[in-house]
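# Examining the three-dimensional arrangement
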Amino acid sequence: MVAGAEGARSVAVLLVLLVPAAGNWLLQCSQCVDQAYYSDDTQKKNLRALHLPDVYKQIKGVKLHQYDHANDEFVNKFFSQTHIGALAGDLKQVMPLAVGLVPERRWIAANGTSQSTRNVNLVRDSYLLYAGLGALQELMKMYETHAGAQSTRETEIDQIITELKTTMTSVLDEQEYNRQKREDLFDQILRAAATVEVLQKSIDLGDRRMEELGVVSNRLTTDVQDLFEVSERYNDTFKLVWQEIQREAEEGLVEFRKATEAQVEIELVKMQAKKIQLEEERATTRIKGEEQRKSEDHRDRVDKRRIEFEQQKKLETEKELLKLQEESNLRQSADKQEHEVKMLEMKLEAEKEQAEMKNKAALEQTKIEAESKIKERRENEDVHLRELKQKGEQENAARLAAIRETAEIIRNYVAEVFGNPEKLALAVGTIIAVCAGIYLAREMAILLREQLNKRLGRPSLVRSTNRISTWGEICMFMRSCCGRAPDPLQHFSDVVLSDALHKQICRLALASRTAKQRKAPLMNLMFYGPPGTGKTMCAMRYAQASGLEYAIMSGGDVAPLEDQAVTELHKLFSWVRRSRRGVLLFIDEADSFLGTRNSSMSEHLRNSLTTMLYHTGTPSSQFMLVLATNRPGDLDSAVLDRVDEAIEFGLPDMGEREKMISMYFRKMLSDPLGIPVLDPTKTPQKPAQAGGESDTAAGRDIVGQSVTTDHLKTVSQKVTGFSGREIAKMFVAVQTHVYASDQLQARASKQKVRGKRNLTMTADMLMEVVDKKVKEHGRTVDMITSGYTYEHQATPLGSKSGKDIAALHASGFIPPKLKTP
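Everything numeric in this text was worked out from a predicted model, so none of it was measured.

## Quick word on the overall build of the protein chain
A tally of regular secondary structure across the protein chain gives 18 helices and 10 strands. Split into buried and exposed, the 821 residues of the protein chain put 22% on the buried side. Intrachain contacts of the protein chain at a sequence separation of at least 6 include 75% that bridge at least 24 residues. As presented, the protein chain carries roughly 58,400 Å² of accessible surface, and 56% of it is formed by carbon and sulfur atoms.

Here it is as structure tokens:
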């Protein structure tokens, strides 16, 4: 919502800025007043609803600038010359309907003269005003939509918070219920334990009674045995007594046994009842135990979550401590590195002072030696003059004697020839015959070469090729057999491309190299992009890396051939098919004769296009096409259908420009002229002076002005929008500037340029050429977009340029007849 409010405020400011001024010169007449301000509906047609999102995007894309008026005629004297607004060029890209073209604009300058400007872009302020109004409406809709969505989200958040509160209340109730159940379980367990103790005591009492019953039974058995013994002794005497006693004893035992069995049954019934009660209590205890186990499990899970949360918090705390420790270590290392850098700078300063002292000592020594030589020559000036005079007289005498002798020989030969008419005629005929023979031999050689090229050599459409003879192929094969075969991708080592484009080119080159092994046809490619981006060079390296021969032709060579174009194209493809290794046919400016077929195309070009389509209709393993064009949209649809892959070569970015600038500096300046690139992080070393001229002798220290890697990075930032060809031409201009500066310096010091001088270049010289090339690039872009208008800029007397011209006059570099007053 804040962003929407800020956007609405920006649109409102824009609407205020776009309100038409009352003093607009173009709105002073009724014919120029925009009809959008009137409500006359009869003058409007094709009414339709406006798509507000598009208008919002257009208003969002408008760039506002702050600028100063160049002329006082367009500024109200009560206000400052600084103003804000949008450039017509930027508006034309974003809102084409808001910008129109005025053929001519006239105004009266401050000095009373009439001034005019042609082809002026005029901004339609009513279009901008209503576009801003539409953008404001779109912003209001967006604000209302976001406000409704925000209200809905707040309602949902309140519902979620209510549900969380309800859930927390139910969780607390469940915890209270579980606590009560645990207390009940503890009471039941205590009661069960007391019941078990009572049962244990009852069981012990029944065991004691059973033991007493057993003792009674054993005692009865002993008495019966005694009675049997007495009966044996008194069998005869007391037989009747014994029988009576035995009968009474048996009756007593039966009654006792019955009583005992009844007592046992009663105890068993009691024990069964106690067992049932114990099982019920055990089931109750088991249920209570399960509930307690569940409660303990829940408590364990809660404890585990709490422990995990505590461990996570502890881990986060440890990470934070570790991060703080690392930051402390980094700060300590940075402080240590800063201290080391300071120590190194102090060391460098000391070494620099020591080197300056050595240079001063060497300069003093050189000055002393020069003064001693000058003094010696001054003291022995008469002796040296006599020696030079004698040497000159001897050389003049020898030269005059040789001239006299040569002139005498020529005079005698001419007198002899002119004195004899036969010899004179023979000499003249010989000279004429030699001249005619030389002329005829040269003409016949040219004719023979042309005929051999037409019959056996390359076609006339091929501008350059690397096809070699059979003997050359044999030598190349022998060299490849004797040594290790080079890496085919090394051919792209000095080609600066982006990483994605380099990978794509290498992939296609390797695929073309192995096409015959895979029994696959070669692919046709199209290189398109701005001029000077390396399409031709990349095609030549592509052919070398893929093991193919290349043949380069231009599409502009086909149209001048007219009716012979079809024949030459047939010869070209016949020559291509005779190759043993295969041919990469590179067609530069392909859109000049492979364009779209229309009524304006001539019959010869149409036939040429048909011939090209005939030869490329079927994929071939013998040749491949590489089309290069700056206008891929102008190619015929049948030609585009024959292209397997289209590769765009764009302008170099920052990294690619840095690589190109380093490479061209090494090729144009470091290798041929010995001009180094210093590293500012290292100790600068003064370049050694070659013999003859010495900058040290002149008292100039250029180490501080030498070119460094930082300067090259600055250059790469300045040349944004340059192509590779423009960067190469810029370094050719730098090399020329270095040579010219050296020549001007030699002329200014009245020295003759003898032998190889030690050329030097400063960073100011490099930046001067770069700034000029950047201005030329801007002027070229302006000429392409808006045409050329000459503006005379006179150089006032006493200016810097006039002083420079006066210095050139004084040095003698400009001849006297070209000197300006």
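## Here's the deal with the sheet that holds strand β7 (residues 549-554)
The strand order across the open sheet built from 6 strands is β5-β7-β8-β9-β6-β10, with neighbouring strands paired in mixed fashion. Every interior strand has two partners, whereas the edge strands, β5 (464-465) and β10 (645-648), have only one. In this sheet, strand β9 (residues 623-629) lies alongside strand β6 (residues 525-528) in parallel orientation, the contact comprising 4 bridges. Bridge pairing in β9 links Phe527 to Ala628.

## Focus on helix α2 (residues 52-61)
Taken as a whole, α2 has its buried residues at Leu52, Val55, Tyr56 and Ile59. Seen end-on, α2 carries its buried residues on one side only, within an arc spanning 105 degrees.

## A closer look at the pattern of salt bridges
Applying the stated rule across the entire model yields 15 salt bridges. In this structure, the salt-bridge partner of Asp297 is Arg293, at a minimum N-O distance of 3.6 Å. Taken as a pair, Asp297 and Arg293 lie in helix α5 (residues 239-379) at a separation of 4 residues, close to a single helical turn. Among the charged side chains, a network of salt bridges with common partners joins Asp303, Arg306 and Glu310.

## Here we look at a nonpolar patch on the surface
A surface patch of nonpolar side chains, amounting to about 440 Å² of accessible area, comprises Ile410, Tyr413, Val414 and Phe418. Following the sequence through the fold, Tyr413 ends up in helix α6 (residues 381-419).

## Examining the nonpolar core
One finds Leu572, Leu585, Ile587, Leu594, Met612 and Leu627 to be the most contacted residues of the largest nonpolar core, which totals 30 residues. Going through the elements one at a time, β7, α11 (565-577), β8 (583-588), α12 (603-615), β9 and α13 (637-641) are the ones with two or more residues in this core. With 6 residues, α11 is the single largest residue contributor to this core. Dropping the residues within four chain positions of it, Leu585 is found in contact with Ala551, Met553, Leu572, Phe573, Met624, Leu625 and Val626.

## What to know about unusual backbone geometry
Despite not being glycine, Lys519 has its phi angle at roughly 55 degrees, a positive value. Within the secondary structure, Lys519 sits in the loop between α9 (499-513) and β6. For Glu589, which is not glycine, the phi torsion reads 50 degrees and is therefore positive. Within the secondary structure, Glu589 is located in the loop between β8 and α12.

## Quick look at the environment of Arg118
Topologically, Arg118 is positioned in strand β4 (residues 114-123). As a C-alpha pair, Arg118 and Thr789 span 671 residues in sequence and 9.1 Å in three-dimensional space. Look past the residues within four positions of Arg118 in its chain and what remains in contact with it is Val102, Pro103 and Glu104.

## A closer look at helix α10 (residues 535-545)
Of the positions making up α10, those classed as buried are Lys535, Cys538, Ala539, Arg541, Tyr542, Ala543 and Ala545. The inward-facing, buried residues of α10 contact α9, β6, β7, β8 and β9. Phi turns positive, to about 80 degrees, at Gly547, one or two residues after α10.

## Observations concerning the side chain of Arg657
As for its placement among the helices and strands, Arg657 is situated in helix α14 (residues 654-673). The side chain of Arg657 is buried and forms no salt bridge, while Asp653, the nearest opposite charge, is found at 6.1 Å. In this view, Arg657 contacts Pro652, Ser716, Val719, Thr720, Gly721 and Ile727; residues no more than four positions away in its chain are not counted.

## As for a negative patch on the surface
A surface patch of negative charge is lined by Glu345, Glu349, Glu353 and Glu356. Within the element layout of this structure, Glu345 appears in helix α5.

## Section: the packing of aromatic side chains
Counting across every chain of the model gives 4 aromatic pairs. Each ring, one from Phe527 and one from Phe649, has its centre 4.8 Å from the other, and the planes form 55 degrees; the classification is tilted. A residue pair is termed long-range when its members are at least 10 positions apart, and Phe527 in strand β6 and Phe649 in the loop between β10 and α14 qualify at 122 residues. We note that Phe527, like Phe649, is buried. Residues Phe665 and Phe731 carry aromatic rings whose centres are separated by 6.3 Å and whose planes lie at 90 degrees to one another, so their mutual orientation is edge-to-face. In this pair, Phe665 is assigned in helix α14 and Phe731 in helix α16 (residues 724-748), connecting sequence segments 66 residues apart. This pair shows no difference in class: Phe665 is buried, exactly as Phe731 is.

## Focus: the state of the cysteines
Under the counting rule described, the total for this entry stands at 0 disulfides. Free cysteine Cys506: the closest other cysteine sulfur is in Cys538, separated by 8.6 Å. By relative accessible area, which is 8% here, Cys506 ends up buried. A residue is classified by how much of its surface remains accessible, and Cys538, at 0% relative accessible area, is buried.

## Comments concerning the packing of α9 against α10
It is the contact of α9 with α10, at a shortest axis distance of 8 Å, that shows an interaxial angle of 40 degrees. Classified by the angle their axes make, α9 and α10 are oblique. Two packed elements cross with a definite hand, and for α9 against α10 that hand is right-handed. Across the interface between the two elements, Ile505, Leu508, Ala509, Ser512 and Arg513 of α9 pack against Cys538, Tyr542, Gln544 and Ala545 of α10. Across the contact of α9 with α10, the residue classes tally to 6 nonpolar, 2 polar and 1 charged.

## So, the pairing of β10
Every second residue of β10 is oriented toward a common face, the buried set being Glu645 and Ile647 and the non-buried set Ala646 and Glu648. Examined bridge by bridge, β6 and β10 share 4 bridges and lie parallel to one another. Paired with Tyr528 across the strands is Glu648, a residue of β10.

## Overview of the environment of Asp644
Along the chain, Asp644 turns up in the loop between α13 and β10. Once the C-alpha coordinates of Asp644 and Met523 are considered, the two residues, 121 residues apart in sequence, prove to be 5.8 Å apart. Contact partners of Asp644, with chain neighbours within four places excluded, come to Leu522, Met523 and Asn524.

## Considering the environment of Met601
Position of Met601 among the secondary structure elements: in the loop between β8 and α12. Beyond its immediate sequence surroundings of up to four residues, Met601 is in contact with Gly595, Thr596 and Arg606.

## Points about the packing of α11 against α12
Axis separation between α11 and α12 bottoms out at 9 Å; the angle between their running directions is 20 degrees. Judged by the angle between their axes, α11 and α12 are roughly parallel. Crossing hand, α11 versus α12: right-handed. Every residue of α12 that contacts α11 at Ala565, Val566, Leu569, His570, Phe573 and Arg577 is listed here: Asn607, Ser608, Thr611, Met612 and His615. Tallied by class, residues from the contact of α11 with α12 come to 5 nonpolar, 5 polar and 1 charged.

Calculation rules
The numbers attached to residues start from 1 for each chain and follow its sequence in the written order. Per-residue local features of the predicted model are confined to residues with pLDDT of at least 70, and side-chain atom pairs are confined, for both listing and counting, to 80 or more; whole-chain, interface and lining totals are unaffected and use all residues. As a convention, hydrogens and water are excluded, and side-chain values are obtained from all of the structure's heavy atoms. Numbering of helices and strands runs from the N terminus; a helix is a DSSP stretch of H or I covering at least four residues, while a strand is a stretch of E covering at least two. Buried means the residue's accessible area, taken with a 1.4 Å probe over protein chains only, is under 20% of the maximum for its type, while exposed means over 50%, and partly exposed covers the values in between. When checking whether two residues touch, look at their non-hydrogen atoms; a contact exists if any pair is within 4.5 Å. Only the protein chains shown count as cover for residues, and all accessible areas are computed by the Shrake-Rupley method using a 1.4 Å probe. Note on pairing: two strands pair once DSSP finds at least 2 bridges between them. By construction, the arc corresponds to the directions joining the helix axis to the C-beta atoms. Any carboxyl oxygen of Asp or Glu within 4 Å of a side-chain nitrogen of Lys or Arg constitutes a salt bridge here. In this scheme, patches are assembled from residues that exceed 30% relative accessible area and form no salt bridge. Like charges are connected within 9 Å, while nonpolar side chains (Val, Leu, Ile, Met, Phe, Trp, Tyr) are connected within 5 Å. Take the buried Ala, Val, Leu, Ile, Met, Phe, Trp, Tyr and Cys residues and link them wherever side-chain atoms come within 4.5 Å; each set so joined is a nonpolar core. His is not counted, nor are the chain ends, whereas Lys and Arg count as positive and Asp and Glu as negative. Each charge is placed at NZ for Lys, CZ for Arg, CG for Asp and CD for Glu. In summary, the pairing rule links any two rings of Phe, Tyr or Trp, Trp by its six-membered ring, whose centres are within 6.5 Å, and it sorts them by plane angle into stacked for under 30 degrees, edge-to-face for over 60 and tilted for everything else. The rule for a disulfide is simple: a pair of cysteine sulfur atoms within 2.5 Å. Fitted lines through C-alpha atoms give the axes, limited to the stretch in contact for helices. The angle between two N-to-C directions lies from 0 to 180 degrees. Orientation labels follow simple angle bins: below 35 degrees gives roughly parallel, above 145 gives roughly antiparallel, 65 to 115 gives roughly perpendicular, and whatever is left gives oblique. Handedness of a crossing is defined here by the sense of rotation of the near helix relative to the far one, left-handed for an anticlockwise turn of less than a right angle and right-handed for a clockwise turn. Gly is placed with the polar residues, together with every amino acid not listed as nonpolar (Ala, Val, Leu, Ile, Met, Phe, Trp, Tyr, Cys and Pro) or charged (Asp, Glu, Lys and Arg).

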